[in-house]
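Inside the fold
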Amino acid sequence: MVAPLIYEISFPEAKEKLLTVIESMPRAEVTTDKENFLHVEFTSKVFRFVDDVEFYFNEPGVIHFRSASRIGHSDMGVNRYRIEEIRRLFTKGFLKK
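What this report covers is the structure whose coordinates are included nearby. (Residues numbered from 1 in each chain as written. Predicted model: local features only at pLDDT ≥ 70, side-chain atom pairs only at ≥ 80, totals over all residues. Heavy atoms only, no water.)

With that settled, consider the environment of aspartate 33. Along the chain, the position of aspartate 33 falls in strand E2 (residues 28-34). Owing to a relative accessible area of 45%, aspartate 33 belongs among the partly exposed residues under this scheme. For the pair aspartate 33 and threonine 43, spaced 10 residues apart in sequence, the C-alpha to C-alpha distance is 18 Å. For aspartate 33, the side chain forms a polar contact with the side chain of lysine 15, separated by 2.8 Å. (Helix = DSSP H or I, 4+ residues; strand = E, 2+ residues; numbered from the N terminus. Buried < 20%, exposed > 50% of the residue type's maximum accessible area, 1.4 Å probe, protein only. Polar contact = N/O pair within 3.5 Å; in protein donor to acceptor, adjacent residues only side chain to side chain.)

As structure tokens, this is what we get:
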């Protein structure tokens, strides 16, 4: 379990910032973009496994999310690392090139 993302900017700014962070990450594809919900598929480089990540904007200032592998029992911590990287980039505003 990982704490939600917290923000102090407007909802549209937070969503746009999150989308910018996601789009800066390798092998990420936003498959659903609704007003209060994002679904993103991340594909692993070697084996092409897909992880589903969902972001929920259900309350002001908070982005809840869940991340899960489609197959397998262990992802060797990849999902947790990815979420923490999203948090770091979202919080600091730094985007990888």
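Read on, since the account is not over.
By the element assignment, methionine 25 lies in the loop between helix H1 (11-23) and E2. Residue methionine 25 is classed as buried on the basis of its relative accessible area, which comes to 11%. Sequence separation between methionine 25 and glutamate 13 is 12 residues; the distance between their C-alpha atoms is 19 Å. Discounting residues that sit within four places of it in the chain, methionine 25 has contacts with Phe42, Arg82, Glu85 and Ile86. (Contact = heavy atoms within 4.5 Å.)

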